[in-house]
Amino acid sequence: MRKYLLFLSALILASCTGPKVAVKNESSSTNWNNYKSFDFYKLDASGDTISSVFQERTDILKNAIAKNLTERGLTQKSENPDLLINIGLVVKQKVQTRETSFTDPDRPKYMGTRNYSWKSETVETGRYREGFVTLDFIDAKQKSPLWQVNADGVLPEKTEQMKKNVDQTVSMILKDFPVKKEDSSK
């Protein structure tokens, strides 16, 4: 039981650390002052494995990105934007397990005449979804990559919690974006 509690504590602590973020600058000589507008590439997904809430969840992500970029002085426009943002998403269903073993303190102590036995086996303790997102910022005229960021983490099931997590994650992954937020005190 103690091992299970330690494992659960470690899992809760790990889930509080937030997503892992990686930034890759494609072009260090980019003059970001030339970019005043943005839009998204069409997000295309198909197949029987697509969730019924896929469009709703991707709209939450797009809205969070648009809000963050608008706060930086960029404008979203569908005709001839300066930047195009390509969103790559991967979501996987994961199974959390634990291994029973002969060293468990709760194992049977009696091995009498009824031939009780104890086997080591893998036990499912829960299911969760893990997501990976990549944002590629592309020069719309030259079709050249300018900046890329990706993040991964555990996805909540409820839409309200998803919105909160997406807003926090987008703020985190775009904190190093080359166009800084405008000073609102001016």
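The residue numbering used here restarts from 1 in each chain and proceeds along that chain's sequence as written. Local features in this predicted model are restricted to residues whose pLDDT is 70 or higher, and side-chain atom pairs enter the listing and the counts only when it is 80 or higher, whereas totals over whole chains, interfaces and linings include all residues. Side-chain numbers come from the whole structure's heavy atoms, not from hydrogens or water.

**Section: unusual backbone geometry**
1) Next: Even without being glycine, Asn80 reaches a positive phi, approximately 50 degrees.
2) Next: By secondary structure assignment, the location of Asn80 is in the loop between strand E3 (75-76) and strand E4 (83-99).
3) Next: Judged by relative accessible area, which is 64%, Asn80 ranks as exposed.
4) Next: Its identity is not glycine, yet Lys143 carries a phi of approximately 55 degrees, on the positive side. Here a strand is any run of E in DSSP of at least two residues, a helix any run of H or I of at least four, and the numbering for each starts at the N terminus. Between buried and exposed lies partly exposed: a residue is buried under 20% and exposed over 50% of the maximum accessible area for its type, with that area taken using a 1.4 Å probe on protein chains only.

**Here we look at the packing of aromatic side chains**
1) Next: By convention, a stacked pair of Phe, Tyr or Trp rings (six-membered ring in the case of Trp) has centres within 6.5 Å and planes under 30 degrees apart, an edge-to-face pair has planes over 60 apart, and any other such pair is tilted. Per the stated rule, a full pass over the model turns up six aromatic pairs.
2) Next: Between the aromatic rings of Trp32 and Phe177, the centroid separation amounts to 5.3 Å while the plane-to-plane angle is 65 degrees, which identifies the pairing as edge-to-face. Of this pair, Trp32 sits in the loop between strand E1 (20-25) and strand E2 (37-40) while Phe177 is found in the segment after helix H3 (159-173), placing the two residues 145 residues apart along the sequence. You'll find Trp32 and Phe177 in the same group, each marked buried.

**Focus on the nonpolar core**
1) Next: We define the nonpolar core as a collection of buried residues of types Ala, Val, Leu, Ile, Met, Phe, Trp, Tyr and Cys that are connected through side-chain atoms lying within 4.5 Å of one another. Judged by nonpolar contacts, the single largest core of 28 residues is most densely connected at Ile65, Leu69, Ile85, Leu135, Phe137, Leu174 and Phe177.
2) Next: Within the residue set of this core, elements represented by two or more residues are E2, helix H2 (54-70), E4, strand E5 (122-139), strand E6 (144-155) and H3.
3) Next: Element by element, the count of residues in this core is highest for H2, at six residues.
4) Next: Contacts are residue-level and defined by heavy atoms, with any inter-residue pair within 4.5 Å sufficient. Excluding its chain neighbours within four sequence positions, the residues that come into contact with Phe137 are Leu69, Leu83, Leu84, Ile85, Ser144, Pro145, Leu146, Trp147, Leu174 and Phe177.

**Concerning H2**
1) Next: One less than the number of residues in a helix, times 1.5 Å, gives the span that helix is expected to have. The first and last C-alpha atoms of H2 sit 24 Å apart over 17 residues, in line with the 24 Å expected at 1.5 Å per residue.
2) Next: Inspection of H2 places Arg57, Thr58, Ile60, Leu61, Lys62, Ala64, Ile65, Ala66, Asn68 and Leu69 among the buried residues, and these make up the whole buried set.
3) Next: On the buried face of H2, the contacting elements are E2, E3, E4, E5 and H3.

**A few points about the pairing of E5**
Looking along a regular strand, one sees the side chains alternate between the two faces of the sheet.
1) Next: Any two strands are treated as partners once DSSP identifies two or more bridges connecting them. Relative to E5, E4 runs antiparallel, the two being bridged by 17 bridges. When the sheet's bridge partners are listed, Ile85 is paired in E5 with Phe137.
2) Next: Hairpin connection between E5 and E6: a loop of four residues separates the two successive antiparallel strands, and Lys143 in this loop has a positive phi of roughly 55 degrees.

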